[in-house]
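Single-letter residue listing:
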Amino acid sequence: MPFPRFYSRRKFLATAASLMAGLPLLPRLKAGGAPTLQKRGQTPAVVVSSANGLKAVKVTYRLMSKGTDTLEAVISGVNLVESDPNDRSVGYGGLPNEEGVVELDSAVMHGPTHRAGAVAALRNIRKPSRVAQLVLETTDHVLLVGAGALKFAKANGIREEELLTESSRKAWLKWKRNLSRGDDWLSDDEEDRGIARHVGRPTGTIHCAALNSDGDISCVTTTSGLAYKIPGRVGDSPIIGAGLPVDNAIGSCGSTGRGEANLQNLCSFAAVELMGTGMSPEEAGIAVLRRVASHTTQSRLLDEKGRPNFGLMFYLIAKDGRYAGVSMWGPDKYSVATRKGSRHEEMVYLYTRGS
Ligand code: ASP
(Lines give C-alpha, C1' and ligand atoms only; values in the text may rest on other atoms or scores of the structure.)
Protein backbone atom coordinates (compact mmCIF):
# COMPACT_ATOMS: atom_id res chain seq x y z
CA MET A 1 0.00 0.00 0.00
CA PRO A 2 1.45 3.37 -0.97
CA PHE A 3 0.32 5.41 2.08
CA PRO A 4 0.29 3.15 5.10
CA ARG A 5 0.52 6.12 7.46
CA PHE A 6 -0.74 9.58 8.17
CA TYR A 7 -1.86 11.05 4.85
CA SER A 8 0.35 13.95 3.80
CA ARG A 9 -1.65 17.13 3.47
CA ARG A 10 0.75 18.46 0.85
CA LYS A 11 0.45 15.38 -1.28
CA PHE A 12 -3.30 15.47 -1.00
CA LEU A 13 -3.47 19.13 -1.98
CA ALA A 14 -1.13 18.61 -4.91
CA THR A 15 -3.08 15.73 -6.37
CA ALA A 16 -6.62 16.40 -5.36
CA ALA A 17 -7.49 20.00 -4.64
CA SER A 18 -8.70 20.91 -8.09
CA LEU A 19 -10.81 17.78 -8.31
CA MET A 20 -12.55 18.57 -5.02
CA ALA A 21 -13.84 21.93 -6.16
CA GLY A 22 -17.05 20.74 -7.76
CA LEU A 23 -17.83 17.68 -5.65
CA PRO A 24 -20.17 15.90 -6.14
CA LEU A 25 -21.22 17.21 -9.54
CA LEU A 26 -17.95 16.69 -11.38
CA PRO A 27 -18.21 15.27 -14.86
CA ARG A 28 -16.37 12.01 -15.34
CA LEU A 29 -13.08 12.48 -17.14
CA LYS A 30 -12.32 10.09 -19.96
CA ALA A 31 -8.55 10.59 -19.75
CA GLY A 32 -6.21 10.91 -16.78
CA GLY A 33 -5.99 8.49 -13.91
CA ALA A 34 -9.45 6.99 -14.16
CA PRO A 35 -9.47 3.21 -13.77
CA THR A 36 -8.43 1.55 -17.00
CA LEU A 37 -10.61 -1.20 -18.38
CA GLN A 38 -8.80 -4.50 -18.60
CA LYS A 39 -9.70 -7.51 -20.69
CA ARG A 40 -12.10 -9.98 -19.07
CA GLY A 41 -10.20 -12.51 -17.01
CA GLN A 42 -7.19 -10.22 -16.50
CA THR A 43 -8.15 -7.91 -13.66
CA PRO A 44 -6.23 -8.55 -10.42
CA ALA A 45 -9.01 -9.86 -8.17
CA VAL A 46 -9.29 -8.34 -4.71
CA VAL A 47 -11.63 -8.45 -1.72
CA VAL A 48 -11.64 -5.75 0.98
CA SER A 49 -13.49 -5.61 4.27
CA SER A 50 -13.48 -3.95 7.66
CA ALA A 51 -11.04 -5.24 10.29
CA ASN A 52 -13.64 -7.72 11.59
CA GLY A 53 -13.89 -9.25 8.11
CA LEU A 54 -10.71 -11.30 7.91
CA LYS A 55 -12.59 -14.61 7.66
CA ALA A 56 -15.09 -12.99 5.31
CA VAL A 57 -12.46 -11.87 2.77
CA LYS A 58 -10.89 -15.33 2.80
CA VAL A 59 -14.18 -17.09 2.08
CA THR A 60 -15.25 -14.47 -0.47
CA TYR A 61 -11.97 -14.73 -2.38
CA ARG A 62 -12.11 -18.52 -2.42
CA LEU A 63 -15.69 -18.58 -3.72
CA MET A 64 -14.93 -15.94 -6.34
CA SER A 65 -11.91 -17.91 -7.56
CA LYS A 66 -14.18 -20.90 -8.14
CA GLY A 67 -16.43 -18.76 -10.33
CA THR A 68 -19.12 -17.77 -7.80
CA ASP A 69 -20.75 -14.45 -8.70
CA THR A 70 -19.26 -11.54 -6.75
CA LEU A 71 -22.54 -10.73 -4.96
CA GLU A 72 -23.11 -14.27 -3.72
CA ALA A 73 -19.45 -14.43 -2.69
CA VAL A 74 -19.46 -11.26 -0.55
CA ILE A 75 -22.77 -12.17 1.11
CA SER A 76 -21.48 -15.65 1.95
CA GLY A 77 -18.40 -13.97 3.45
CA VAL A 78 -20.30 -11.61 5.75
CA ASN A 79 -22.79 -14.33 6.75
CA LEU A 80 -19.99 -15.79 8.86
CA VAL A 81 -19.74 -12.56 10.85
CA GLU A 82 -23.53 -12.08 11.07
CA SER A 83 -23.76 -15.51 12.71
CA ASP A 84 -20.83 -14.96 15.07
CA PRO A 85 -22.14 -14.29 18.62
CA ASN A 86 -18.77 -12.80 19.55
CA ASP A 87 -19.03 -9.96 17.01
CA ARG A 88 -21.28 -7.54 18.87
CA SER A 89 -21.64 -5.16 15.93
CA VAL A 90 -23.44 -7.38 13.44
CA GLY A 91 -26.37 -9.85 13.30
CA TYR A 92 -26.65 -12.48 16.04
CA GLY A 93 -25.08 -11.09 19.23
CA GLY A 94 -25.25 -7.50 17.97
CA LEU A 95 -25.76 -4.80 20.60
CA PRO A 96 -29.42 -3.73 20.85
CA ASN A 97 -31.27 -0.42 20.69
CA GLU A 98 -32.07 1.54 23.86
CA GLU A 99 -35.02 -0.78 24.58
CA GLY A 100 -32.89 -3.91 24.40
CA VAL A 101 -34.00 -5.01 20.91
CA VAL A 102 -31.46 -5.82 18.19
CA GLU A 103 -32.32 -3.84 15.03
CA LEU A 104 -30.37 -4.55 11.86
CA ASP A 105 -29.54 -2.60 8.70
CA SER A 106 -28.03 -4.06 5.54
CA ALA A 107 -27.57 -3.28 1.86
CA VAL A 108 -26.19 -5.22 -1.08
CA MET A 109 -25.30 -4.05 -4.57
CA HIS A 110 -24.43 -6.01 -7.72
CA GLY A 111 -22.16 -4.12 -10.11
CA PRO A 112 -22.85 -5.99 -13.37
CA THR A 113 -26.62 -5.35 -13.19
CA HIS A 114 -26.43 -2.14 -11.12
CA ARG A 115 -29.19 -3.49 -8.86
CA ALA A 116 -29.41 -2.91 -5.15
CA GLY A 117 -31.44 -4.24 -2.24
CA ALA A 118 -31.59 -3.14 1.38
CA VAL A 119 -33.39 -3.56 4.68
CA ALA A 120 -33.46 -1.24 7.66
CA ALA A 121 -34.57 -1.52 11.30
CA LEU A 122 -35.16 -5.23 10.75
CA ARG A 123 -35.67 -7.26 13.94
CA ASN A 124 -35.16 -10.95 14.74
CA ILE A 125 -33.39 -12.01 11.56
CA ARG A 126 -29.83 -13.26 11.92
CA LYS A 127 -28.61 -12.55 8.37
CA PRO A 128 -30.17 -9.29 7.14
CA SER A 129 -27.87 -9.32 4.09
CA ARG A 130 -29.79 -12.36 2.76
CA VAL A 131 -33.05 -10.41 3.09
CA ALA A 132 -31.45 -7.45 1.27
CA GLN A 133 -30.39 -9.89 -1.46
CA LEU A 134 -34.00 -11.11 -1.77
CA VAL A 135 -35.19 -7.51 -2.09
CA LEU A 136 -32.71 -7.08 -4.95
CA GLU A 137 -33.52 -10.37 -6.66
CA THR A 138 -37.27 -10.73 -6.21
CA THR A 139 -38.79 -7.26 -6.00
CA ASP A 140 -38.90 -4.03 -7.95
CA HIS A 141 -37.95 -2.14 -4.77
CA VAL A 142 -34.64 -1.21 -3.21
CA LEU A 143 -35.35 -0.66 0.50
CA LEU A 144 -37.78 -2.33 2.92
CA VAL A 145 -37.95 -1.22 6.56
CA GLY A 146 -39.17 -2.36 9.96
CA ALA A 147 -42.31 -4.50 10.16
CA GLY A 148 -42.58 -4.69 6.35
CA ALA A 149 -39.04 -5.98 6.04
CA LEU A 150 -39.70 -8.62 8.72
CA LYS A 151 -42.93 -9.74 7.01
CA PHE A 152 -41.05 -10.01 3.72
CA ALA A 153 -38.28 -12.09 5.33
CA LYS A 154 -40.82 -14.45 6.91
CA ALA A 155 -42.76 -14.76 3.66
CA ASN A 156 -39.49 -15.96 2.14
CA GLY A 157 -39.20 -18.68 4.76
CA ILE A 158 -36.55 -17.00 6.89
CA ARG A 159 -36.88 -17.96 10.54
CA GLU A 160 -37.31 -15.32 13.27
CA GLU A 161 -35.08 -15.73 16.31
CA GLU A 162 -33.93 -13.88 19.41
CA LEU A 163 -30.67 -12.16 18.49
CA LEU A 164 -29.76 -10.80 21.90
CA THR A 165 -27.10 -13.00 23.48
CA GLU A 166 -26.49 -13.15 27.22
CA SER A 167 -23.37 -11.02 26.88
CA SER A 168 -25.08 -8.37 24.69
CA ARG A 169 -27.98 -8.24 27.16
CA LYS A 170 -25.58 -7.64 30.05
CA ALA A 171 -23.77 -4.90 28.10
CA TRP A 172 -27.14 -3.22 27.41
CA LEU A 173 -28.20 -3.40 31.07
CA LYS A 174 -24.90 -1.87 32.13
CA TRP A 175 -25.42 0.98 29.67
CA LYS A 176 -28.98 1.48 30.97
CA ARG A 177 -27.75 1.72 34.55
CA ASN A 178 -25.22 4.40 33.56
CA LEU A 179 -27.41 6.17 31.04
CA SER A 180 -27.50 9.86 31.90
CA ARG A 181 -24.86 11.33 29.57
CA GLY A 182 -24.66 8.51 27.07
CA ASP A 183 -27.90 8.41 25.11
CA ASP A 184 -28.94 9.97 21.79
CA TRP A 185 -31.40 12.52 23.17
CA LEU A 186 -29.96 16.02 22.94
CA SER A 187 -30.65 18.20 25.95
CA ASP A 188 -32.03 21.75 25.50
CA ASP A 189 -28.46 22.95 25.53
CA GLU A 190 -26.91 20.14 23.56
CA GLU A 191 -23.40 21.58 23.69
CA ASP A 192 -23.70 21.31 27.46
CA ARG A 193 -23.41 17.58 27.12
CA GLY A 194 -19.82 17.82 25.87
CA ILE A 195 -18.13 15.02 23.98
CA ALA A 196 -18.62 12.35 26.64
CA ARG A 197 -21.75 11.07 24.92
CA HIS A 198 -19.76 9.90 21.89
CA VAL A 199 -16.75 8.51 23.63
CA GLY A 200 -16.84 4.79 24.33
CA ARG A 201 -20.18 4.18 22.54
CA PRO A 202 -19.68 0.81 20.85
CA THR A 203 -20.08 0.87 17.08
CA GLY A 204 -19.23 -1.64 14.41
CA THR A 205 -20.37 -3.03 11.12
CA ILE A 206 -18.98 -5.20 8.39
CA HIS A 207 -18.55 -4.03 4.83
CA CYS A 208 -17.17 -6.40 2.18
CA ALA A 209 -16.50 -5.67 -1.49
CA ALA A 210 -15.09 -7.93 -4.19
CA LEU A 211 -13.64 -7.37 -7.65
CA ASN A 212 -13.22 -10.50 -9.77
CA SER A 213 -10.82 -11.15 -12.62
CA ASP A 214 -13.50 -10.13 -15.14
CA GLY A 215 -13.64 -6.68 -13.57
CA ASP A 216 -17.06 -7.19 -11.97
CA ILE A 217 -17.67 -5.73 -8.52
CA SER A 218 -20.28 -6.31 -5.81
CA CYS A 219 -20.50 -5.31 -2.18
CA VAL A 220 -22.47 -5.65 1.03
CA THR A 221 -22.73 -3.75 4.30
CA THR A 222 -24.46 -5.26 7.32
CA THR A 223 -24.77 -4.10 10.91
CA SER A 224 -26.71 -3.94 14.13
CA GLY A 225 -25.89 -0.23 13.95
CA LEU A 226 -25.08 2.16 16.71
CA ALA A 227 -25.45 0.43 20.06
CA TYR A 228 -28.36 1.65 22.26
CA LYS A 229 -29.77 3.85 19.48
CA ILE A 230 -33.26 5.29 19.58
CA PRO A 231 -35.61 2.55 18.26
CA GLY A 232 -36.22 3.00 14.55
CA ARG A 233 -32.95 4.85 14.00
CA VAL A 234 -31.52 3.92 10.59
CA GLY A 235 -27.83 4.44 9.99
CA ASP A 236 -25.79 4.77 6.84
CA SER A 237 -25.34 1.04 6.20
CA PRO A 238 -28.60 0.35 4.28
CA ILE A 239 -28.57 3.61 2.35
CA ILE A 240 -27.27 3.30 -1.20
CA GLY A 241 -24.70 6.06 -1.60
CA ALA A 242 -23.76 6.04 2.09
CA GLY A 243 -23.15 2.51 3.42
CA LEU A 244 -22.09 1.48 -0.05
CA PRO A 245 -22.48 1.90 -3.73
CA VAL A 246 -20.79 0.27 -6.69
CA ASP A 247 -20.45 1.58 -10.20
CA ASN A 248 -19.18 -1.39 -12.19
CA ALA A 249 -17.31 0.91 -14.58
CA ILE A 250 -15.48 2.75 -11.78
CA GLY A 251 -15.32 0.93 -8.47
CA SER A 252 -16.94 0.66 -5.06
CA CYS A 253 -16.82 2.23 -1.65
CA GLY A 254 -18.32 1.08 1.65
CA SER A 255 -18.34 2.52 5.10
CA THR A 256 -18.26 1.83 8.81
CA GLY A 257 -18.22 4.31 11.68
CA ARG A 258 -20.48 7.22 12.58
CA GLY A 259 -23.43 6.74 10.24
CA GLU A 260 -24.89 10.20 10.80
CA ALA A 261 -21.73 11.87 9.43
CA ASN A 262 -21.81 9.59 6.40
CA LEU A 263 -25.51 10.25 5.78
CA GLN A 264 -25.01 14.00 5.95
CA ASN A 265 -22.30 13.81 3.30
CA LEU A 266 -23.28 10.74 1.23
CA CYS A 267 -19.60 9.86 1.36
CA SER A 268 -19.47 6.51 -0.41
CA PHE A 269 -21.27 7.86 -3.47
CA ALA A 270 -18.96 10.88 -3.50
CA ALA A 271 -15.87 8.67 -3.23
CA VAL A 272 -16.89 6.54 -6.20
CA GLU A 273 -17.61 9.66 -8.22
CA LEU A 274 -14.17 11.01 -7.33
CA MET A 275 -12.53 7.77 -8.45
CA GLY A 276 -14.41 8.28 -11.71
CA THR A 277 -12.67 11.62 -12.14
CA GLY A 278 -9.26 10.03 -11.85
CA MET A 279 -8.49 9.98 -8.15
CA SER A 280 -6.95 6.84 -6.69
CA PRO A 281 -8.93 5.00 -4.00
CA GLU A 282 -6.73 6.62 -1.30
CA GLU A 283 -7.17 10.10 -2.68
CA ALA A 284 -10.93 9.71 -3.07
CA GLY A 285 -11.34 8.35 0.47
CA ILE A 286 -9.21 11.07 2.01
CA ALA A 287 -11.07 13.74 0.01
CA VAL A 288 -14.42 12.70 1.47
CA LEU A 289 -12.99 12.46 4.99
CA ARG A 290 -11.73 16.03 4.65
CA ARG A 291 -15.15 17.05 3.46
CA VAL A 292 -16.76 15.43 6.53
CA ALA A 293 -14.22 17.16 8.79
CA SER A 294 -14.94 20.54 7.23
CA HIS A 295 -18.70 20.02 7.64
CA THR A 296 -18.40 19.01 11.30
CA THR A 297 -18.91 22.20 13.26
CA GLN A 298 -20.94 21.31 16.38
CA SER A 299 -18.66 21.38 19.38
CA ARG A 300 -20.14 18.16 20.82
CA LEU A 301 -18.68 16.39 17.76
CA LEU A 302 -15.23 18.00 17.93
CA ASP A 303 -12.19 17.31 20.06
CA GLU A 304 -10.14 19.97 21.80
CA LYS A 305 -8.27 20.65 18.55
CA GLY A 306 -11.41 21.04 16.46
CA ARG A 307 -11.14 17.62 14.81
CA PRO A 308 -14.13 15.23 14.48
CA ASN A 309 -14.21 13.14 17.66
CA PHE A 310 -15.75 10.13 15.91
CA GLY A 311 -14.55 7.30 13.73
CA LEU A 312 -15.42 6.98 10.05
CA MET A 313 -13.84 4.43 7.72
CA PHE A 314 -14.05 3.73 4.00
CA TYR A 315 -13.05 0.62 2.04
CA LEU A 316 -12.50 1.31 -1.64
CA ILE A 317 -11.82 -0.72 -4.78
CA ALA A 318 -11.12 0.70 -8.23
CA LYS A 319 -12.07 -1.15 -11.38
CA ASP A 320 -8.43 -1.84 -12.23
CA GLY A 321 -7.67 -3.59 -8.92
CA ARG A 322 -6.29 -0.72 -6.84
CA TYR A 323 -7.77 -0.63 -3.35
CA ALA A 324 -7.51 1.24 -0.06
CA GLY A 325 -8.82 1.50 3.47
CA VAL A 326 -9.02 5.06 4.81
CA SER A 327 -9.95 6.20 8.28
CA MET A 328 -10.65 9.46 10.08
CA TRP A 329 -8.46 8.22 12.94
CA GLY A 330 -5.49 5.92 12.88
CA PRO A 331 -3.54 3.82 13.02
CA ASP A 332 -6.13 1.20 12.16
CA LYS A 333 -6.39 -1.90 10.02
CA TYR A 334 -8.71 -3.42 7.45
CA SER A 335 -8.97 -6.84 5.81
CA VAL A 336 -7.76 -7.65 2.31
CA ALA A 337 -7.59 -10.82 0.20
CA THR A 338 -5.70 -11.12 -3.07
CA ARG A 339 -3.97 -14.02 -4.79
CA LYS A 340 -1.27 -13.59 -2.13
CA GLY A 341 -3.73 -14.59 0.60
CA SER A 342 -5.79 -12.82 3.25
CA ARG A 343 -4.39 -10.41 5.83
CA HIS A 344 -4.87 -7.16 7.68
CA GLU A 345 -3.37 -4.07 6.05
CA GLU A 346 -2.83 -0.61 7.52
CA MET A 347 -5.39 2.07 6.71
CA VAL A 348 -4.48 5.55 5.54
CA TYR A 349 -5.75 8.09 8.07
CA LEU A 350 -6.32 11.79 8.57
CA TYR A 351 -5.69 12.15 12.29
CA THR A 352 -3.86 10.29 14.98
CA ARG A 353 -4.41 10.53 18.73
CA GLY A 354 -1.72 12.38 20.57
CA SER A 355 -0.82 14.51 17.52
N1 ASP B 1 -22.17 2.89 10.50
C2 ASP B 1 -22.92 2.17 11.48
C3 ASP B 1 -24.14 2.95 11.82
O4 ASP B 1 -24.05 4.16 11.96
C5 ASP B 1 -22.19 1.90 12.75
C6 ASP B 1 -20.77 1.49 12.62
O7 ASP B 1 -20.27 1.20 11.56
O8 ASP B 1 -20.07 1.46 13.65
O9 ASP B 1 -25.16 2.35 12.03
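Residues numbered from 1 in each chain as written. Predicted model: local features only at pLDDT ≥ 70, side-chain atom pairs only at ≥ 80, totals over all residues. Heavy atoms only, no water.

Draft legend 1. Expanded view of the overall build of the protein. Looking only at helices and strands, one finds nine helices and 13 strands in the protein. By the burial criterion, 58% of the 355 residues in the protein qualify as buried. Partitioning the intrachain contacts of the protein with sequence separation of at least 6 by distance along the chain shows that 66% fall at a separation of at least 24. Accessible surface, the protein: about 14900 Å² in total, of which carbon and sulfur atoms supply 53%. (Helix = DSSP H or I, 4+ residues; strand = E, 2+ residues; numbered from the N terminus. Buried < 20%, exposed > 50% of the residue type's maximum accessible area, 1.4 Å probe, protein only. Contact = heavy atoms within 4.5 Å. Areas by Shrake-Rupley, 256 points an atom, 1.4 Å probe, with all protein chains shown as cover.)

Draft legend 2. Inspection of the site of the ligand at higher detail. Looking at the ligand, there are eleven residues lining it, with Gly204, Thr205, Arg233, Asp236 and Gly257 nearest. Interatomic distance of 2.7 Å between a side-chain N/O atom of Asp236 and a nitrogen atom of the ligand. With the chains in place, 98% of the 270 Å² that the ligand exposes on its own is no longer accessible. Here the residues of the shell around the ligand are counted per class, giving one nonpolar, eight polar and two charged. (Near = heavy atom within 4 Å. Polar contact = N/O pair within 3.5 Å; in protein donor to acceptor, adjacent residues only side chain to side chain. Nonpolar A, V, L, I, M, F, W, Y, C, P; charged D, E, K, R; others polar.)

Draft legend 3. Main features of the layout of surface pockets. By volume, the second largest pocket amounts to about 250 Å³. Pro44, Ala45, Tyr323, Thr338 and Arg339 are, among the 14 residues lining the second largest pocket, the residues nearest its centre. Here the lining of the second largest pocket is composed, by residue class, of five nonpolar, four polar and five charged. (1 Å grid on protein atoms, 1.4 Å probe; cavity = no way out; pocket = protein on both sides within 12 Å on 5 of 7 lines; lining within 4 Å. Points joined across faces, edges and corners; volume = space filled by probe spheres on them.)

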